[in-house]
Amino acid sequence: MNLVLTWLTDPAHWAGEDGVPHRILEHLTYSAVALVIAAIIAIPLGLYVGHTGRGKFLVVNVAGAARAIPSLGLLFIMVLLLGPRLSGDAAFVVPCLVVLAVLAVPPILAGAYAGVEEVDASARDAAKGMGMRGLQVLLEVELPCALPLIFSGLRSATLQVVATATIAATVGLGGLGRLLIDGLAVRDFGQMAAGAVLVAALALAVDLIFALVQRYAVSAGLTGRRTASRRSRPKASADSTLITIS
Amino acid sequence: MSWSIDHLPAVLSLIGRHVYLAGLPLLLGLLIAVPLGWLARRYRVLYPLLIAGTGLLYTIPSLALFILMPIFIGTRILDPVNVVVAMTIYTVALLVRTVADGLGAVPDSVNQAATAMGFGRVRRLFMVELPLAVPVISAGLRVAAVSNVSIVSVAAIIGVPQLGSLFTDGFRRNFMEPILVGVIACVLLALVFDLAIIAGTRLITPWQRTRRAA
Amino acid sequence: MHRMKIYLAVAASAALLAGCGSGDPLATDAAGGDEKGTITVGSADFPESALIAEIYAGALEAKGVEVKKNLNIGSREAYVPALQDGSIDLIPEYTGALLHYFDEDATATDSESVYKALTAAAPKDLSVLTMSSAEDKDVVAVTKATADKYSLKSIGDLADVADELTLGGPPEWKTRRQGVKGLADVYGVEFGTFRALDAGGPLTVQALKNGQVDAADLFTTDPSIQENGFVMLEDPESLFPAENVVPLIAEAKADDKVSQALDAVSAELDTETLATLVAQVIVDKKDAEDVATAFLSEQGLA
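Residues numbered from 1 in each chain as written. Chains lettered and ligands numbered in written order. Predicted model: local features only at pLDDT ≥ 70, side-chain atom pairs only at ≥ 80, totals over all residues.

Labelled according to an unreviewed UniProt entry, chain A appears under the name ABC transporter permease, originating from Nocardioides luteus. Annotation of chain A in UniProt includes, under Sequence similarities (unreviewed entry), the sentence "Belongs to the binding-protein-dependent transport system permease family." (UniProt positions renumbered as here; feature names shortened; annotations may be inferred.)

Enquirer: Looking at this structure, I do not really get the overall build of chain C. What am I missing?
Expert: Broken down by element type, chain C carries 13 helices and 10 strands. The burial tally for chain C puts 48% of its 302 residues in the buried class. The contacts of chain C with a sequence gap of at least 6 include a subset with a gap of at least 24, amounting to 76%. (Helix = DSSP H or I, 4+ residues; strand = E, 2+ residues; numbered from the N terminus. Buried ≥ 20, exposed ≤ 12 C-beta atoms within 10 Å, placed from the backbone. Contact = placed C-beta atoms within 7 Å.)

Enquirer: What should I look at first to understand the overall build of chain A in this one?
Expert: Check the secondary structure of chain A and you find 11 helices and zero strands. Element order for chain A, N to C, with α for helix and β for strand: α-α-α-α-α-α-α-α-α-α-α. Relative to its full complement of 246 residues, chain A shows a buried share of 50%. Sequence separation of at least 24 residues holds for 75% of the intrachain contacts in chain A that already meet a minimum separation of 6.

Enquirer: Would you take a moment to explain the UniProt feature "transmembrane region" (unreviewed entry) in chain A for this structure?
Expert: Annotation from UniProt places "transmembrane region" (unreviewed entry) at residues 28–50, 57–80, 92–116, 160–181 and 193–213 of chain A. The span residues 28–50 of chain A is 100% helix and 0% strand, and its two end C-alpha atoms sit 30 Å from each other.

Enquirer: When you look at the sheet that holds strand E5 (residues 138–142) of chain C in this model, what are you seeing that I'm missing?
Expert: Note: strands within a sheet are paired through backbone hydrogen bonds, in either parallel or antiparallel orientation. Residues and elements named next belong to chain C. Reading across from one edge, E7-E6-E8-E5-E9 is the order of the five strands in this open sheet, with mixed pairing throughout. Looking along the sheet, the strands with just one partner apiece sit at the ends: strand E7 (193–196) and strand E9 (231–232). The pairing of E5 with E9 spans two bridges and is classified as antiparallel. Note on E9: the bridge partner recorded for Ala141 is Met232. (Pairing = 2+ DSSP bridges.)

Enquirer: Hey, could you run me through helix H4 (residues 62–73) of chain B in this one?
Expert: Residues three or four positions apart in an α-helix share a direction because the helix packs 3.6 residues into each turn. With 12 residues, H4(B) extends 16 Å between its outermost C-alpha atoms, agreeing within 8% with the 16 Å of an ideal straight helix rising 1.5 Å per residue. Taken residue by residue, H4(B) has B:Ser62, B:Leu63, B:Ala64, B:Leu65, B:Phe66, B:Ile67, B:Met69 and B:Pro70 as its buried positions. Elements that come into contact with the buried residues of H4(B) comprise helix H8 (177–185) and helix H9 (189–217) of chain A together with helix H5 (80–104) and helix H7 (121–152) of chain B. Note on H4(B): the residue one or two positions beyond its end, B:Gly74, has a positive phi of about 70°. (Expected span 1.5 Å × (residues − 1).)

Enquirer: I keep staring at the interface of chain A and chain B and nothing clicks. Help me out?
Expert: By a frequent convention, interface size equals the accessible area lost on bringing the separate parts together. The partner chain B presents 38 residues to the 33 residues of chain A that form the contact. Put simply, the parts of the chain that give the side of chain A that touches chain B at least two residues each are helix H3 (56–68), helix H4 (71–82), helix H7 (134–164), H8, H9 and helix H11 (227–245) of chain A. Looking at the side of chain A that touches chain B, the element that brings in the most residues is H9(A), giving nine residues. Residues that form the side of chain A that touches chain B fall into these classes: 24 nonpolar, seven polar and two charged. (Nonpolar A, V, L, I, M, F, W, Y, C, P; charged D, E, K, R; others polar.)

Enquirer: In this structure, what is going on with the domain arrangement of chain C? I would like to understand it.
Expert: All names here are of chain C. Splitting chain C by domain gives domain 1 (27–135 + 243–298) and domain 2 (138–232). The C-alpha-based centres of domain 1 and domain 2 are spaced at 27 Å. Of the residues lining the interface, 11 residues belong to domain 1; the matching set on domain 2 comes to five residues. The residue inventory of the side of domain 1 that touches domain 2, partitioned by class, reads seven nonpolar, two polar and two charged. (Domains from an automatic or database assignment.)

Enquirer: Explain the environment of C:Asp125 here, please?
Expert: All names here are of chain C. Here Asp125 is to be found in the loop between helix H6 (111–121) and strand E4 (126–128). On the neighbour-count criterion, Asp125 (11 C-beta atoms within 10 Å) is exposed. For Asp125 and Val283, which are 158 residues apart along the polypeptide, the C-alpha to C-alpha distance reads 37 Å. Sequence-distant contacts of Asp125, defined by excluding residues within four places in its chain, comprise Gln84, Ala250 and Glu251.

Enquirer: Looking at this structure, I do not really get the UniProt feature "domain: ABC transmembrane type-1" (unreviewed entry) in chain A. What am I missing?
Expert: This chain's UniProt record puts "domain: ABC transmembrane type-1" (unreviewed entry) on residues 24–210 of chain A. Between the end C-alpha atoms of residues 24–210 of chain A there is a gap of 18 Å, over a span that is 82% helix and 0% strand.

Enquirer: Help me understand the nonpolar core, please; the structure alone is not making it clear to me.
Expert: One finds A:Leu100, A:Ala104, A:Ile108, C:Tyr56 and C:Ala141 to be the most contacted residues of the largest nonpolar core, which totals 227 residues. In terms of residues, this core owes the most to one element, helix H5 (residues 90–117) of chain A, which gives 17 residues. Among the domains, domain 1 (27–135 + 243–298) and domain 2 (138–232) of chain C are the pair contributing at least three residues each to this core. Once residues lying within four places of it in the same chain are set aside, the contact partners of A:Leu100 are A:Tyr30, A:Ser31, A:Ala34, A:Val161, A:Thr164 and A:Ala165. (Core = buried A, V, L, I, M, F, W, Y, C linked by C-beta atoms within 7 Å.)

Enquirer: When you look at the environment of C:Phe219 in this model, what are you seeing that I'm missing?
Expert: Residues and elements named next belong to chain C. If you trace the backbone, Phe219 turns up in strand E8 (residues 215–219). Given 22 C-beta atoms within 10 Å, Phe219 falls into the buried group. Separated by 81 residues in the primary sequence, Phe219 and Asp138 place their C-alpha atoms 4.8 Å from one another. Ignoring sequence-local partners within four residues, the contact set of Phe219 consists of Asp136, Lys137, Asp138 and Gly200.

Enquirer: Which parts of the structure should I look at to understand unusual backbone geometry?
Expert: Residue and element names in this part refer to chain C. Phi at Ser238 takes a positive value of approximately 55°, unusual for a residue other than glycine. Mapped onto the secondary structure, Ser238 falls in the loop between E9 and strand E10 (245–250). In the Ramachandran plot, Lys285 falls in the positive-phi region, its phi being about 60° despite a non-glycine side chain. Position of Lys285 relative to the elements: it lies in the loop between helix H12 (271–282) and helix H13 (288–298). Residue Lys285 is classed as partly exposed on the basis of its 15 C-beta neighbours within 10 Å.

Enquirer: Hey, could you run me through the pairing of E5(C) in this one?
Expert: The side chains of a regular strand alternate between both faces of the sheet. Residue and element names in this part refer to chain C. Burial within E5 is extensive, with five of its five residues counted as buried. Burial along E5 is two-sided: Asp138, Val140 and Val142 and Val139 and Ala141, pointing in opposite directions, are all buried. Pairing of E5 with E8 involves five bridges; the strand directions are antiparallel. The residue bridging Ala141 from the neighbouring strand is Ala216, located in E8.

Structure follows, in structure tokens:
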């Protein structure tokens, strides 16, 4: 623990290209880009499957299998496959983003899909009774109702992506993984441990921000006011729903 | 293809090691998560502390945890125990919340009925609450199993052999086939773990089957 | 009935746990170093190291020594402590790099003086056996196109152009003297940027080939240098020390039989042979163990 504090409190470690703030910025950039890509793929797909019930079997099983792909192996495959075909920084960045996005798609997909599917049938019927059409029902009723589960999927994906974005450093990129890889290379365990602590802290901070956003984005009619149920229900579901539906 | 055929025995032995390094922590993690999950449920003050605390463990990068483990627990640097302990930590991180939620999902009326029948707290936990929480806990266990199979492969970087060794070996030689074999074997292994947990759950929750059949 | 099944399941998992505890399939390997007479051979996580380790293992087995293997351990930072805690007993090493691991300020550069300094710097519980003439050392390499463009022959030729170029190397090059610092101090070569890659591995080769870096740290026996027509820049000031292949062994395990078997290997191993053998593993995708066996029987060592 002392090693970590000594490392973290050294001002030299906070400045410039190699400094902690710059590394955090890089780390957040890789994570954010990968998450946005994953969300663009997974949320519409999940909404579609949840709304129509079509392709459920395929989507659920592909997502389940994607979860089991080891990130390290996929990264090596992508570097060997894409590296020679891309020029400049893209040769390093694209393989990383692919790996992180593959990691993020299953939980987001599961959240979106389960969120829509679990919308109260009476709410759906009421919307139809009011004369809403398919897309209108999806966007104005099902989507808002599904938000808690969509958020829990996003949060679960974010935690995994932020923790895994350290692999960027193994293929020559930056991010907080540099502290781990460089620390290992010169036997600086304080630097390694500091890197691990910073990654965990960053994941926690990002999750807190998501929690705040969720609070404002999700209709109060859904969250209820019973603190116990709000605390446990929606957050538990990201992972467990994927499983119950797969 | 010829590489895979020639190396089948070697790959099988790596699968064996992978099963051990990913599977044993699953059992150990469950044994640790059950009492922690119960504590979180029993004492409401502890709930956020235990859930957030254990959840945070999951965000520790695996490479760092594997390498720093000998410093924390005083083991030898190549000892597979390092990997087993690290993977157990990840399993606990995933399971505590699930166990707590599973126990929480047991209806109050059931607990009251058990108490009325004269069940003490411990007996009630083992005879009523835990069995009823099995489906939820098993769902969490399946997530942990898939996650473990994937994360263990990182241990190749610290020289503990398992399927991840195929990744590093293939990468070092710019040789795709071993990496692909390793990835496919990992996915299949995750599937086998998954099916085993489903089968085990069905075995110990026969009432679920009855309900479905009716 | 139900209760019975739960008990059965609990009993089954307990049995499984107990089974894992006693019949631990992995512990034997890791604890192998403790057994008397058995030598556990380790290697670093790159093909050449694993290959030489296989050669050592084969040579020892041929002399009736019981051998276990624990290859591809990782970097020096991992396997030297593993040697010292008894997890492994023997590993192929390189004199210059190992010397600098034990003594950061070492200044020796030629084979003999590096070896001499190394035997003096090595901790008491570790022993450095006779080195071979086979050498695999750091080299700053550029593509043929880059070499032609700036007419580069020696590292010093980079001095005027380096500030617009990118250097690629292992992470430790950023801070080590045998890296960015030494290039600046010894040759006045200061690159515009440094990119941390791997230690002469596929990442570095790919980055040099595709232009993500303009110059890179590679190793002289690497078959990809020839494969890609990379130009190795001369090092007239000997910034990079000699790197002869040498067995590093736990002192307690280095009895006469073991030492003689390993010395015989070192006597037969030269740079050209080593490069050919490494190419068989990397280019022809042969198994290191098979290549090692063939070499040993050819040399009459097994």
